[in-house]
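So you can see what is in the structure, the chains are spelled out below.
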Amino acid sequence: KSYSEPYRNQFHFSPSKNWMNDPNGLFYDDQTGLYHLYYQYNPEGNEWGNMSWGHATSKDMINWRQEPLAIPMLADQGWEDFVYTNTTGSLAKYGEVRYVGIPTTNWGDANGKKAIFSGSIYVDKNNVSGLGQNAILAFYTADYQIATRINDGKENGWGTWIGLNEIQEQHLAYSLDGGKTFKQYSADKNSAEPQPLIPVIASKGGDAANFRDPNVVYDQQNKQFLLTVVSNQQALIYKSVDLLHWEYASSIQREKNVGLGVWECPALIPLTVEGTKTTKWVLAISIQQGSHATGSGMEYYVGNIDHNGQWTPESTQTMANPMTMDYGEDFYAGIPFANMSNNRNVMLAWQSNWSYTGDAKTSPWYGNMTLPRELKLVKSSNTTDGYLLKNTVISEITHNEQADRIAPDDSSITPRDTEQKIEYSGNQYKLTADFSWDTKNPPTSVGFKLRASDDGKYYVLVGYDLTTKKFFVQRLNTGEAAMEAPRDKMNAIVDTANGTIKLTVYVDETSVEAFANDGEKSITQNFFMRPEKAEKQATNQLYLYVQAGTAHITGLKLNP
Ligand code: FRU
């Protein structure tokens, strides 16, 4: 039966079949009370390709309904003339390059089609675009390959063939039926749809193959719409007053060029600093390779936006010290929901990492989203950070929580150098506890041992190492080689000067989302328990552990 296959998470969104990556165009429809989730989807298979926008809806961002494909790939656009220029608008050195048609077999987008890459949605409540009251505007990247010739008059006047070029441009599609179906918008009003479809922000040369993932937000204070898009290792900001015409405003550079690791899926998020009336603009960025998580991971910076659409980092947070959004390996391409009520800021991310998607496979689908995270910006006592972006699982998760399975007598205990079994054999639960210790006899490590096999060979650890002051998740012992070496523990420093730490973990079939001190730090990790076939072991035992020393544990709670 669908959704009960091995390795299928039960309280995380995954498509019924086929490949999924980034969340796209997340928004809340206040007309219907529905949340919409679009996502990078391959309608044809269980590997990356034919990228289109899949779709799902929900009343609470936790329980989702699969909807039909929302934005399919664009049909062959026929022949296009194009002048290749660099990002400042001047002609590239090698002269005029003419794109003469789209070849029939391409990487990622067969038959000359244009793939629909990641992007965002803006709900046009006041019809500033003229496309319709409450029109749902989807800004996305069209990705395609073109045959390129230098227009030098050679080869019978067609120019000299110089090969294929990958091009990415920002397009707009809009929905007038509540996000079910989308019409393509052509920026040239005089041209017939869909041939040719003119992008709202065309490629201007430069690194045309890494110019993607537009994210649109309204800047209330300066009354301007902002579109942030990445271009290799920078983010470009465009501004607009009508959501249709976009003017280049400024750029943000990554501090160190690390070679690999283009920026992806940027988002500028206005957040009110908790307990104040100040708004700060968080720049959230995904790094494809070479992040803290070895492969893909997310970082953020805190800063300010001015009326020119220029973003500048806080003095406490220069571009040289990006903050980590989530310290695990499986929190990527996260963007916030648009059009939220009550000033809520909720982010959903793809729970995977480009470095092993091809190896750690599931079938007949691949990929799931993280749980939605409530974002809160707080002033941090740690002066080198200045601010801290906290994230916790949204409170709607309680819709799916059952009553606590831990007897009151067992919820406050003082174990010493031990592994204590928790009698629960299900694989989907929320587990939480406050750990504290005496400075005289502190343990070296405390936490939970999840999904343990009978012989003790397989397990996942979530804990706090007092000797290194690190909150960690370790998935070295799962039997899935692609998720083991060379990584050890994913971890984050947590200050426990007062001798306590609160750990909260959400465990699903192949996923653990662990939080320290109510979202001060989070670690999101996939794991695939794959004991060798011959061993045929169950991996569903759960333990609380205290290594050396004594810990005091209060508020131990397990909610299936
Ligand atoms: C991020 C990403 C985006 C791109 C999309 C393609 O995971 O590489 O930059 O738009 O995936 O599927």
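Conventions adopted
Residues numbered from 1 in each chain as written. Predicted model: local features only at pLDDT ≥ 70, side-chain atom pairs only at ≥ 80, totals over all residues. Helix = DSSP H or I, 4+ residues; strand = E, 2+ residues; numbered from the N terminus. Buried ≥ 20, exposed ≤ 12 C-beta atoms within 10 Å, placed from the backbone. Contact = placed C-beta atoms within 7 Å. Domains from an automatic or database assignment. Nonpolar A, V, L, I, M, F, W, Y, C, P; charged D, E, K, R; others polar. Near = placed C-beta within 6 Å. Pairing = 2+ DSSP bridges. Axes fitted to C-alpha atoms, helices over the stretch in contact; angles between N-to-C directions. Core = buried A, V, L, I, M, F, W, Y, C linked by C-beta atoms within 7 Å.

## Focus on the overall build of the protein chain
Here comes step 1: Scanning the protein chain from terminus to terminus reveals 0 helices and 34 strands.
Here comes step 2: Burial analysis of the protein chain (560 residues in total) assigns 45% to the buried set.
Here comes step 3: Contacts spanning at least 24 positions in sequence make up 62% of the contacts within the protein chain whose residues lie at least 6 apart.

## Quick look at the domain arrangement of the protein chain
Here comes step 1: What the domain assignment reports for the protein chain is domain 1 (18-396) and domain 2 (401-559).
Here comes step 2: On the domain 2 side, the residues contacting the 20 residues of domain 1 number 22 residues.
Here comes step 3: Here the residues of the side of domain 1 that touches domain 2 sort into 8 nonpolar, 7 polar and 5 charged.

## Details of the environment of asparagine 21
Here comes step 1: As for its position among the elements, asparagine 21 is in strand β1 (residues 18-29).
Here comes step 2: On the neighbour-count criterion, asparagine 21 (21 C-beta atoms within 10 Å) is buried.
Here comes step 3: When the C-alpha atoms of asparagine 21 and alanine 320 are compared, they prove to be 29 Å apart, with 299 residues separating the residues in sequence.
Here comes step 4: Discounting residues that sit within four places of it in the chain, asparagine 21 has contacts with Gln40, Trp48, Ala333, Trp350 and Gly367.

## Some thoughts on the site of the ligand
Here comes step 1: For the ligand, the full set of nearby residues is Asn21, Asp22, Gln40, Met51, Phe117, Ser118, Thr141, Arg212, Asp213, Glu264, Cys265 and Ala333.
Here comes step 2: Elements represented by at least two residues in the shell around the ligand include exactly β1, β6 (115-124), β10 (211-219) and β14 (263-272).
Here comes step 3: Residue composition of the shell around the ligand, grouped by class: 4 nonpolar, 4 polar and 4 charged.

## A look at the sheet that holds strand β29 (residues 489-493)
Here comes step 1: Sheet architecture is open: 6 strands sit in the order β24-β33-β26-β27-β28-β29, paired in antiparallel fashion. Edge strands, defined here as strands with exactly one partner in the open sheet, are β24 (416-422) and β29. The mean inter-strand angle of the sheet, taken between neighbouring strand axes irrespective of direction, is 15°.
Here comes step 2: In this sheet, strand β28 (residues 470-477) lies alongside strand β27 (residues 459-465) in antiparallel orientation, the contact comprising 6 bridges. Within the sheet, the bridge partner assigned to tyrosine 459 lies in β28 and is asparagine 477.

## Regarding the nonpolar core
Here comes step 1: If you look at the biggest cluster of nonpolar residues, it comprises 94 residues, and the most contacted ones within it are Ile116, Leu137, Ala138, Tyr174, Val282 and Leu283.
Here comes step 2: Looking at this core element by element, the count peaks at 8 residues for strand β7 (residues 135-150).
Here comes step 3: Beyond its immediate stretch of four places on either side in the chain, leucine 283 contacts Ala235, Ile252, Pro266, Leu268, Tyr300, Tyr301, Gly303 and Trp311.
Here comes step 4: With 47 residues, the next largest nonpolar core counts Leu461, Tyr506, Phe515 and Leu542 among its residues.

## A word on the sheet that holds strand β31 (residues 511-516)
Here comes step 1: With antiparallel pairing, the 5 strands of this open sheet are ordered in space as β32-β31-β30-β25-β34. Single-partner strands in this sheet number two, and they are β32 (521-526) and β34 (552-559). Pairwise comparison of adjacent strand axes, ignoring direction, gives a mean angle of 10° for this sheet.
Here comes step 2: Looking at chain direction, strand β25 (residues 429-436) and strand β30 (residues 500-508) are connected through 8 bridges and run antiparallel. Opposite tyrosine 429, over in β30, you have valine 507 as the bridge partner.

## What to know about the pairing of β31
Here comes step 1: Among the 6 residues of β31, 6 are classified as buried, and the element is accordingly described as predominantly covered.
Here comes step 2: On β31, burial covers both faces: Ser511, Glu513 and Phe515 on one face and Val512, Ala514 and Ala516 on the other are all buried.
Here comes step 3: Note: β30 against β31, 6 bridges, orientation antiparallel. Among the inter-strand pairings, valine 505 is bridged to a residue of β31, identified as alanine 514.
Here comes step 4: With antiparallel pairing between neighbouring strands as the criterion, β30 and β31 make up a hairpin whose turn holds 2 residues.
Here comes step 5: Sheet analysis places β31 next to β32, joined by 6 bridges and oriented antiparallel. What sits directly across from glutamate 513, in β32, is threonine 524.

## So, the environment of glutamate 396
Here comes step 1: Residue position: glutamate 396 is located in the loop between β23 (387-393) and β24.
Here comes step 2: In this structure glutamate 396 comes out as partly exposed when scored by C-beta crowding, with 18 C-beta atoms within 10 Å.
Here comes step 3: With 334 residues separating them along the chain, glutamate 396 and isoleucine 62 place their C-alpha atoms 7.0 Å apart.
Here comes step 4: The residues contacting glutamate 396, other than those within four sequence positions of it, are Asp60, Met61 and Ile62.

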